[in-house]
Amino acid sequence: MAYKLPELKYGYDALEPHIDARTMEIHHSKHHAAYTNNFNLALQAAGLESESIEDLMKNMSKYPAAVCNNLGGFYNHSFFWDNLSPNGGGEPAGELMEAINRDFGSFENFKSEFTKAATTRFGSGWAWLCSENGKLSVCSTPNQVNPLMDISNCNGTPILTIDVWEHAYYLNYQNRRPDFISAFWNVVDWAEVACRFNQSLLL
Ligand code: MN3
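Small disclaimer: the values here were computed from a predicted structure and weren't measured.

Participant: I'd like a description of the side chain of Asp163, backed by residues and values.
Facilitator: On the secondary structure map, Asp163 appears in strand β3 (residues 157–163). Here Asp163 sits buried without a salt bridge, and the closest side chain of opposite charge, Arg177, lies 8.2 Å off (N-O distance). Within polar-contact distance, the side chain of Asp163 engages the backbone nitrogen of Trp165 at 2.9 Å. Within the local environment of Asp163, its side chain forms a polar contact with the side chain of His167, the two groups lying 3.5 Å apart.

Written out as C-alpha cells, the structure is:
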C-alpha cells in the first residue's frame, strides 16, 4: 500500500524552454522520488500507514515534522506537475475567469498578486491560489506546508501552485526567481485549474 512516485503526464523536455528538461528530470526523479520514499518511511515510523492523506493534513499539527515535510513533499509536487502542461499558458475561461475578475479585479491583477506571493516567499516554499466556497485568494507557505494542513494560514482548497524552492529553477535561472515565475505562466494548465475550481465548489 506504499505511495508511489506518480508519472508525469508529459515528458521531461515538454515544458522547454520555460522549464528545462534537466531541472524537470532531477526535480521529479530525484527530489520528488526522495520525498515519496521518505513519506512512506515517516508513515511507518509514526504508525500512520492507515490514515488518509486528507486526514493527516487536517491534523498535521499533531504529527512529527518528518510526516509534514515528506507528506508535503510528496503531495505538493504531484499537485504542481498536474497544473503544468506543454499546451498551457494563456488565460482561463468560464466560471474560473469570472471568479478571478470578481475577486482580483482582473486577470492581470491576479497574476501580479500571485507573482508577488511567489517572489516574496522567503527561502523555500510555495505560492497558491485557493478557493473557499468559490471565493479566490492567494497565499504562500514555507517549506512543504500546503493550504490543506491545519498549520497553514491559507484559506480554502488549493487549485494552483508554484514551487519556489531553489531546486525548482536554479539550474536554468540561478538566482532569478522572478524569471522562473514569469516563465511559469506559459505552462499553467488552466483547464486543470478550472477543473479543480469546479470541484472546490462541491465541497
Ligand atoms: Mn520541489
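After that view, the rundown keeps rolling.
Participant: Tell me about the coordination of the manganese ion, and name the residues and values.
Facilitator: Each angle at a metal carrying four tetrahedral donors should ideally be 109.5 degrees, and each at a metal carrying six octahedral donors should ideally be 90 or 180 degrees. Within the protein, the atoms that donate to the manganese ion are His27 (NE2), His77 (NE2), Asp163 (OD) and His167 (NE2), at distances of 2.0 to 2.1 Å. The motif formed by the donor residues of the manganese ion, counted along the single chain, is H-x49-H-x85-D-x3-H. A single burial state applies to Asp163 and to His167, both of which are buried.

Participant: Outline the state of the cysteines, listing residues and values.
Facilitator: Counted under the stated rule, the structure contains one disulfide. The disulfide partner of Cys139 is Cys154, and the S-S distance across this bridge is 2.1 Å. For the disulfide bridge between Cys139 and Cys154, the dihedral angle about the S-S bond is near 100 degrees, and by the sign convention the bridge is right-handed. Residue Cys139 is found in strand β2 (residues 135–142), and its partner Cys154 is found in the loop between β2 and β3; the two are separated by 15 residues along the sequence. Side by side, Cys139 and Cys154 carry an identical accessibility label, which is buried. Not part of a disulfide, Cys68 finds its nearest cysteine sulfur in Cys154, a span of 13 Å.

Participant: Could you give an account of the pairing of β3, naming the residues involved and the relevant values?
Facilitator: Among the seven residues of β3, six are classified as buried, and the element is accordingly described as predominantly covered. Bridge count for strand β1 (residues 125–132) against β3 is six bridges, and the pairing is antiparallel. When the sheet's bridge partners are listed, Ala127 is paired in β3 with Ile162.

Participant: Tell me about the side chain of Ser152, and name the residues and values.
Facilitator: Looking at where Ser152 falls in the secondary structure, it is placed in the loop between β2 and β3. Here the side chain of Ser152 touches Cys154 through a polar contact of 3.1 Å, landing on its backbone nitrogen.

Participant: Could you give an account of the packing of aromatic side chains, with specific residues and numbers?
Facilitator: Using the criterion set out here, one finds 19 aromatic pairs in the structure. Arranged with centres 5.9 Å apart and planes meeting at 55 degrees, the rings of Phe79 and Trp128 form a pair that is tilted. Remark: Trp128 occurs in strand β1 and Phe79 occurs in helix α3 (residues 65–82); sequence separation between them is 49 residues. Comparing Phe79 with Trp128 shows no difference in burial state: the two are buried.

Analysis parameters
Residues numbered from 1 in each chain as written. Predicted model: local features only at pLDDT ≥ 70, side-chain atom pairs only at ≥ 80, totals over all residues. Heavy atoms only, no water. Helix = DSSP H or I, 4+ residues; strand = E, 2+ residues; numbered from the N terminus. Buried < 20%, exposed > 50% of the residue type's maximum accessible area, 1.4 Å probe, protein only. Lys, Arg positive; Asp, Glu negative; His and termini not counted. Salt bridge = Lys/Arg side-chain N within 4 Å of Asp/Glu carboxyl O. Polar contact = N/O pair within 3.5 Å; in protein donor to acceptor, adjacent residues only side chain to side chain. Donors = N, O, S within 2.8 Å, 3.2 Å for Na, K, Ca; no water. Disulfide = S-S within 2.5 Å. Pairing = 2+ DSSP bridges. Phe/Tyr/Trp six-rings, centres within 6.5 Å; stacked < 30°, edge-to-face > 60°.

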